[in-house]
Amino acid sequence: MGYEELIRDALATPFEGWDWAVFRGRMTTADDLPWDYERLVRDRLPRTPSLLDLGTGGGELLASLAPLPPRTAATEGYPPNLPVARDRLEPLGVEVAESARHFADGSFELIVNRHESYDPQEIRRLLAAGGTFVTQQVAGRDLEEVNAALGGPPHEGRAWDLATAAAALDAAGLEVTWSAEAGYPVEFHDVGALVLYLRVVSWQVPGFEVEAYEDRLRALHDDMPLRATARRFALTARPG
């Protein structure tokens, strides 16, 4: 496809929940981390009576972990995803709320969070005594090569990293019991995939608009693939 057609398609393609199938063959990742977030969560489920999934998206991952603990709840703050998550999760007995403020102090033995922002004080409030927090986070320097290739501003949360997250949890009275950080390569194979990604992950290049970056996008169209590095960190914590 030519540049104009790729851009039109990127701006018109629907995207629901966090289903990345639309990028298949157009954006490739090694996704090779030295830990397995799903395993970190799944291994704890058999001995967990209550679970909260923060930022569940469309509920895709949480639903895949069934059978779930007797009390399982999820939050989703992005309005378009909320009905998607409810349609998928409520038949499984999962309560889905817009915000964790909906839940009482000490409500959950296990709180999990993949790629969602969180308030350490709120995690401490919600965790039951002896409970565990498990999170995998996108580091602030994630795919920074994209920002550089476009000549755009850096990610607003560029300083977000494992050390910062661990210090904030410690200050909230949570002890980090395990942590790791790593990166893996990502390739965008056409400019439409890049624009669709920036439409979905709107915080990657603050204020991104096709018109404002047209010259850079056209140059990238002639020089694909665009290679970048995904950066992740993960940790577990418990009340200190």
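As the structure is a prediction and not an experimental result, all values here were calculated from the model.

Topic: the nonpolar core
Thinking step 1. Membership of the largest hydrophobic core comes to 52 residues, with the highest contact counts inside it found for Val-146, Leu-150, Phe-188, Phe-208 and Leu-217.
Thinking step 2. Top element by residues in this core is helix α8 (residues 191–200). It accounts for eight residues.
Thinking step 3. In this structure, Leu-150 is in contact with Leu-198, Val-205, Phe-208, Tyr-213, Arg-216, Leu-217 and Leu-220, ignoring residues within four places of it in sequence.

A look at the environment of Tyr-197
Thinking step 1. Along the polypeptide, Tyr-197 turns up in helix α8.
Thinking step 2. The exposure class assigned to Tyr-197 is buried, which follows from its relative accessible area of 7%.
Thinking step 3. When the C-alpha positions of Tyr-197 and Ala-166 are compared, they lie 29 Å apart, and in sequence the two are 31 residues distant.
Thinking step 4. Excluding its chain neighbours within four sequence positions, the residues that come into contact with Tyr-197 are Trp-20, Phe-23, Met-27, Asp-142, Leu-143, Phe-188 and Gln-204.

A short note on the sheet that holds strand β3 (residues 71–75)
Hydrogen bonding along the main chain pairs the strands of a sheet, whether they run parallel or antiparallel.
Thinking step 1. The strand order β1-β7-β8-β6-β5-β2-β3-β4 describes an open sheet built from eight strands, whose pairing is mixed. Across the chains shown, the open sheet's two edge strands, defined by having one partner strand only, are β1 (27–29) and β4 (95–97). Sheet twist, expressed as the average angle between the axes of neighbouring strands with direction ignored, equals 20°.
Thinking step 2. Bridge analysis of β3 against β4 gives three bridges, and the strand direction is parallel. The residue of β4 that forms the bridge with Ala-74 is Val-96.

About the thresholds
- Residues numbered from 1 in each chain as written.
- Predicted model: local features only at pLDDT ≥ 70, side-chain atom pairs only at ≥ 80, totals over all residues.
- Heavy atoms only, no water.
- Core = buried A, V, L, I, M, F, W, Y, C linked by side-chain atoms within 4.5 Å.
- Buried < 20%, exposed > 50% of the residue type's maximum accessible area, 1.4 Å probe, protein only.
- Helix = DSSP H or I, 4+ residues; strand = E, 2+ residues; numbered from the N terminus.
- Contact = heavy atoms within 4.5 Å.
- Pairing = 2+ DSSP bridges.
- Axes fitted to C-alpha atoms, helices over the stretch in contact; angles between N-to-C directions.

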